[in-house]
Amino acid sequence: QVQLMESGGELVQAGGSLRLSCVASGGTFGDYSAGWFRQTPGMQREFVAAGRWATRAIYYADSVKGRFTISRDSTKNTVYLEMNNLKPDDTGVYYCAAGRPITSTIRTETGYRYWGRGTQVTVSS
C-alpha cells in the first residue's frame, strides 16, 4: 500500500513562490506516474500537473503552464511542485496522487489509485 504525504503549503502573497513536496512510502514513484491536483471549497478537484516518469512526459493545466514545474527526486522518493508567480486563483488544497493512468486519464482523478491528504496553499492579493 503506497502512502503519500504532502508538505510545503502556506500563506503567500501574490507573485510569490512555493515548493510543495510529496513523499511516498510503501512504494516508489519510479513504478507510478504522479499527479498534483487542487481543490477549493464547493468545487471539484482540479488537475494541476502530472509526470509520467517512464516516458519523461510532463503534463500541465493551461492555467499553470509556464509558472509551475513538476519534478521528481528518485533518491528521496519525492515528487515536487514548484510554483512561481502565484495568483489568488491558485489558492486551494493541493493533493499529490500516484497511479498508472493512461494518456486519456492522466489529467483526471480516476487515473490515480493513491492520494495524499493534501496541503493548504493560500495566495493573498
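The structure contained in this document is the topic of the report that follows. For clarity, every value in this text was computed on a predicted model and none was experimentally measured. (Residues numbered from 1 in each chain as written. Predicted model: local features only at pLDDT ≥ 70, side-chain atom pairs only at ≥ 80, totals over all residues. Heavy atoms only, no water.)

A word on the state of the cysteines
Such a bond, covalent and formed between the sulfur atoms of two cysteines, is termed a disulfide. Counted under the stated rule, the structure contains one disulfide. The disulfide that involves Cys 22 links it to Cys 96, with 2.1 Å between the sulfurs. On the S-S bond that ties Cys 22 to Cys 96, the torsion sits near -80°, and the link is left-handed. Highlighted residues: Cys 22 in strand β3 (residues 18-25) and Cys 96 in strand β9 (residues 92-99), separated in sequence by 74 residues. (Disulfide = S-S within 2.5 Å. Helix = DSSP H or I, 4+ residues; strand = E, 2+ residues; numbered from the N terminus.)

Some thoughts on the environment of Glu 10
By secondary structure assignment, the location of Glu 10 is in the loop between β1 (3-7) and β2 (11-13). Overall, Glu 10 belongs to the partly exposed group, its relative accessible area being 47%. Apart from residues no more than four positions distant in its own chain, Glu 10 is found in contact with Leu 18, Gln 120, Val 121 and Thr 122. (Buried < 20%, exposed > 50% of the residue type's maximum accessible area, 1.4 Å probe, protein only. Contact = heavy atoms within 4.5 Å.)

Some points on the pairing of strand β6 (residues 57-60)
Bridge count between strand β5 (residues 46-52) and β6: four bridges; the pairing is antiparallel. Residue pairing for β6: Ala 50 is matched across the bridge by Tyr 59. As consecutive antiparallel partners, β5 and β6 are separated by four residues, and within that stretch Arg 56 has a phi angle of approximately 60°, a positive value. (Pairing = 2+ DSSP bridges.)

So, the sheet that holds strand β7 (residues 68-73)
The strand order β1-β3-β8-β7 describes an open sheet built from four strands, whose pairing is antiparallel. Strands at the two margins of the open sheet, each flanked by one partner only, are β1 and β7. With strand direction ignored, the average angle separating the axes of adjacent strands in the sheet is 20°. Across six bridges, β3 lies against strand β8 (residues 78-83) in antiparallel orientation. Following the sheet pairing, Leu 20 is matched in β8 by Leu 81. (Axes fitted to C-alpha atoms, helices over the stretch in contact; angles between N-to-C directions.)

Structural notes on the side chain of Ser 21
Structurally, Ser 21 can be placed in strand β3. Sequence-distant contacts of Ser 21, that is, excluding residues within four places in its chain, are made with Met 5, Glu 6, Ser 7, Trp 36, Thr 78, Val 79 and Tyr 80.

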